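What follows is each chain in one-letter form.
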Amino acid sequence: MATLIQPDLEFKREIIGLDAHDLSVCYQCGTCSAVCPISTADNPFPRKEMVWVQWGLKDRALGNSSIWMCHQCGTCNTYCPRDAKPANVMAALRDYSIAHYAVPRFMGRALSEPRYLPLLFAIPALVFLAILGWLGNLTALPRGQIVFSKFMPILYIEVAFMAAIGLSMVGAALGGVRYWKAMSRSSGMSSNGHHPGRHIVSTLLDILKHRKFRQCDEEPAGTRKTYKGHLHKTHLAVFWGFMGLVVTTTSVGIGIYAFGYLTPWPFWHPVKILGNVSGIVVIAAVTVFLWRRIVDQAKAGKSTYSDWLFLAILLLTTLTGFLCQWLRLADLRALAYPTYFVHLIFIFFLLVYIPYSKFAHIVYRTVAMLHAATTRATQGGAGARKGGASPAVTSLSLAHDA
């Protein structure tokens, strides 16, 4: 049966513009899928994604779980005999998919283009300036001991953040649903009694344990250097460091509202210790990420605007948090309160823009892993390791070679 292929050449150009390599050098040898530590025979990648982008098959390329199952270990780049850099293509597809599935779409585009950066910072700045103006703290800083809740009451912060994050999470959910539907259409998946809810716990455990990242390290294809040997440990440190900061913030809220235990809390308090240790871990891990990107440059694979922006915002959020603490201890009112204002802006940027920034992998990788687990259950098996491509991929490759 004949299949009509309608290439989207603009999509292909945009993927190349996101630091993907010259796609014409790929001749579909399959080395990338063979050496990938987490690619499977029933879902080989990134071989099929390479040909889909070559042909401009946008729906195929974006409507599959593989682009988010890939953990960017760089093994495929290292062993590619043509230096086609398939890892770069996979990373470009992830960047593109964030904007493609974003709800509203403008936000996805705004986080991917530098020209929108002033607007993205202006939104939280205006919100917090309005609150300070309402409170009368724009022209006169609070007197006496530095207490940030006197400058910006916690209730006001909570209301502003809850409203903004609530809207953001609606966008995240809608984006995740759009991606799920695209994957289901592309794969022709029918649940056959296998509800995704059955696989939520196992998927979350995979994420919390960073099982896939560890697998990339434990099952190398050979001895060639990938320049990503740090990835598992640094990503794990960022993940758990960030979770520690979330727990700290949540605990402070519980302490204030449930027990009337007002801030600032003493340094020896366990929650304070957790926050400081978590912050140090995040700063150390992000510094490693930034340093390796600078030192290894193109050897380590793709590094675009969205990568640098995410790492910079995460680092600045943590650093300004520490700076607020130090300025408070030094009793420097004129610096402490403005720094706290800037810190709130960075927190807003980091959390409210989650579904549209590099942080969106929290949403899309989870959805991809859940969909893949459901698909495997529907098909009656977890999939063999290696051993060949699926019939659909094979026929597509043969047509390409012809």
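All values derive from a computational prediction rather than experimental measurement.

A. Broad picture of the overall build of the chain. When helices and strands are counted, the chain shows 19 helices and zero strands. Taking 402 residues into account, the globule formula puts the C-alpha radius of gyration at 21 Å, and the chain, at 23 Å, falls close to it. For the chain, the spread of C-alpha atoms along the principal axes amounts to about 80 × 40 × 40 Å. The buried share of the chain, reckoned over its 402 residues, is 50%. Relative to all contacts within the chain whose residues are 6 or more apart in sequence, the contacts with residues 24 or more apart total 78%. Roughly 19400 Å² of accessible area belongs to the chain as shown, and the carbon and sulfur atoms make up 67% of that amount.

B. Representation of the nonpolar core in the model. In terms of nonpolar packing, the biggest core is built from 52 residues, with L111, F128, M152, V286, L314, Y340 and Y353 touching the most fellow members. Of all the elements in the fold, those that place two or more residues in this core are α8 (105-110), α9 (117-135), α10 (148-151), α11 (154-187), α14 (231-259), α15 (270-296), α16 (305-329) and α17 (333-352). If one sorts the elements of this core by residue count, α17 sits on top with eleven residues. Excluding residues within four positions of it along the chain, L314 makes contact with V238, F242, V282, V286 and L350. Membership of the second largest hydrophobic core comes to 45 residues, among which are M69, C70, C73 and C80.

C. The packing of aromatic side chains, seen in detail. Tallied over the full model, the rule gives 22 aromatic pairs. Each ring, one from F121 and one from F346, has its centre 5.9 Å from the other, and the planes form 85 degrees; the classification is edge-to-face. With F121 in helix α9 and F346 in helix α17, this pair connects stretches of sequence that are 225 residues apart. We classify F121 as partly exposed; its relative accessible area is 23%. By relative accessible area, which is 11% here, F346 ends up buried. Arranged with centres 5.0 Å apart and planes meeting at 35 degrees, the rings of F151 and Y337 form a pair that is tilted. Placement of the pair is F151 in helix α10 and Y337 in helix α17, with a sequence separation of 186 residues. The burial state of F151 is the same as that of Y337; both residues are buried. Here the aromatic residues F121, F128, F161, F341, F346, F348, F349 and Y353 are joined through ring pairs into a cluster of three or more.

D. Region of interest: the environment of V127. Here V127 shows up in helix α9. Since its relative accessible area comes to 31%, V127 is described here as partly exposed. Between the alpha carbons of V127 and I98 there is a distance of 26 Å; along the sequence they are 29 residues apart.

E. Fine view of the layout of surface pockets. In this model, the largest pocket occupies a volume close to 1700 Å³. If you go around the largest pocket, you meet 49 residues; those closest to its centre are L245, T248, T249, H343 and I347. For the lining of the largest pocket, the secondary-structure elements that each account for two or more residues are α10, α11, α14, α15, α16, α17 and α18 (361-379). For the lining of the largest pocket, the element with the most residues is α14, which contributes ten residues.

F. Spatial organisation of the pattern of salt bridges. Under the defined criterion, the tally for this structure stands at six salt bridges. The partner of R13 in a salt bridge is E10, and the shortest N-O contact between them spans 3.2 Å. Here E10 and R13 lie together in helix α1 (residues 9-17), a separation of three residues that amounts to about one turn. Put simply, E49 and K48 hold a salt bridge, and the shortest N to O gap is 3.0 Å.

G. Just a nonpolar patch on the surface, in detail. A cluster of nonpolar side chains, contributed by W134, L155, Y156, V159 and Y257, occupies part of the molecular surface with about 610 Å² of accessible area. With three residues, α11 is the largest single contributor of residues to the nonpolar patch. Y156 gets classed as partly exposed once you look at its relative accessible area, which sits at 32%.

H. Expanded view of the environment of K85. Mapped onto the elements, K85 comes out in the loop between α6 (75-79) and α7 (86-101). Relative accessible area serves as the criterion here: at 17%, K85 is assigned to the buried category.

I. Seen up close, helix α13 (residues 211-218). For α13, the set of buried residues is F213, Q215 and C216. For α13, the buried positions fall inside an angular range of 160 degrees around the axis, keeping them on one side.

J. Region of interest: the side chain of T339. Counting through the fold element by element, T339 comes out in helix α17. When residues no more than four places from it in sequence are discounted, the contact partners of T339 are T320, L323, C324 and L327.

K. Fine view of unusual backbone geometry. Following F45, the chain continues into P46 via a peptide bond in cis, with omega recorded as 10 degrees. By the element assignment, P46 lies in the loop between α2 (31-35) and α3 (47-54). Residues V103 and P104 are joined by a peptide bond in cis, for which omega reads -5 degrees. One can find P104 in the loop between α7 and α8. Its identity is not glycine, yet Q28 carries a phi of approximately 60 degrees, on the positive side. For Q28, the location among the structural elements is in the loop between α1 and α2.

The rules we used
- Residues numbered from 1 in each chain as written.
- Predicted model: local features only at pLDDT ≥ 70, side-chain atom pairs only at ≥ 80, totals over all residues.
- Heavy atoms only, no water.
- Helix = DSSP H or I, 4+ residues; strand = E, 2+ residues; numbered from the N terminus.
- Rg over C-alpha atoms; globule rule 2.2 N^0.38 Å.
- Buried < 20%, exposed > 50% of the residue type's maximum accessible area, 1.4 Å probe, protein only.
- Contact = heavy atoms within 4.5 Å.
- Areas by Shrake-Rupley, 256 points an atom, 1.4 Å probe, with all protein chains shown as cover.
- Core = buried A, V, L, I, M, F, W, Y, C linked by side-chain atoms within 4.5 Å.
- Phe/Tyr/Trp six-rings, centres within 6.5 Å; stacked < 30°, edge-to-face > 60°.
- 1 Å grid on protein atoms, 1.4 Å probe; cavity = no way out; pocket = protein on both sides within 12 Å on 5 of 7 lines; lining within 4 Å.
- Points joined across faces, edges and corners; volume = space filled by probe spheres on them.
- Salt bridge = Lys/Arg side-chain N within 4 Å of Asp/Glu carboxyl O.
- Patch = residues over 30% accessible without salt bridge, like charges linked within 9 Å, V, L, I, M, F, W, Y side chains within 5 Å.
- Arc of directions from axis to C-beta.

The values reported here are purely geometric and, on their own, carry no functional implication.
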